[in-house]
Amino acid sequence: MMKKIVLVLFIGLLGLSLTAQDTAAKIEFKSETVDYGEIAKGSDGIRVFEFTNTGTAPLIISKVSSSCGCTIPKKPEDPILPGKTGEIQVKYDTNRVGPIRKAITVISNADTPTKVLKIKGEVLATGTK
């Protein structure tokens, strides 16, 4: 009798977990690369990655990190509801002259939990262009 109860509970939980997989967050970025182009030293280094939650569950971004200390990403604090949009802000230190090639890693509860975004461009020395 105990084995039957355990079996019924196991099948019930398995069925419940299978239906729960139908609801998932999905993150779709407008663009996965931001091109700064050629910008002057000391200019505004803030850019934005826009995204939409195209899934059926709230999207929670748990961590956003960059490949170096010269790039500071800022993640949304609140969950992004299905169908809604959000943004990840990135600030690059434009006092560093030279090419920009950096990666930003986004970790979330989306069906693809890790996404890598890129920024590129070039910071020109003052008086050049």
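Nothing here was measured: the structure is a model prediction, and the numbers come from that model.

(A) Structural context of the pattern of salt bridges. Under the definition given, this model contains four salt bridges. The shortest N-O distance in the salt bridge between Lys115 and Glu32 comes to 3.2 Å. Of this pair, Lys115 sits in strand β8 (residues 114-124) while Glu32 is found in the loop between β1 (27-29) and β2 (33-40), placing the two residues 83 residues apart along the sequence. With relative accessibility at 36%, the residue Glu32 sits in the partly exposed group. One salt bridge in this structure joins Arg96 and Asp93, with 3.5 Å as the shortest N-O distance. In this structure Asp93 comes out as partly exposed when scored by relative accessible area, which is 31%.

(B) Layout of the sheet that holds β1. Spatial ordering of the open sheet is given by β1-β3-β6-β5, a layout of four strands whose pairing is antiparallel. Each end of this open sheet is capped by a strand with a single partner; those strands are β1 and β5 (71-74). With direction set aside, neighbouring strand axes in the sheet form an average angle of 30°. Bridge count between strand β3 (residues 46-53) and strand β6 (residues 85-92): seven bridges; the pairing is antiparallel. What sits directly across from Ile46, in β6, is Lys91.

Procedures and definitions
- Residues numbered from 1 in each chain as written.
- Predicted model: local features only at pLDDT ≥ 70, side-chain atom pairs only at ≥ 80, totals over all residues.
- Heavy atoms only, no water.
- Salt bridge = Lys/Arg side-chain N within 4 Å of Asp/Glu carboxyl O.
- Helix = DSSP H or I, 4+ residues; strand = E, 2+ residues; numbered from the N terminus.
- Buried < 20%, exposed > 50% of the residue type's maximum accessible area, 1.4 Å probe, protein only.
- Pairing = 2+ DSSP bridges.
- Axes fitted to C-alpha atoms, helices over the stretch in contact; angles between N-to-C directions.

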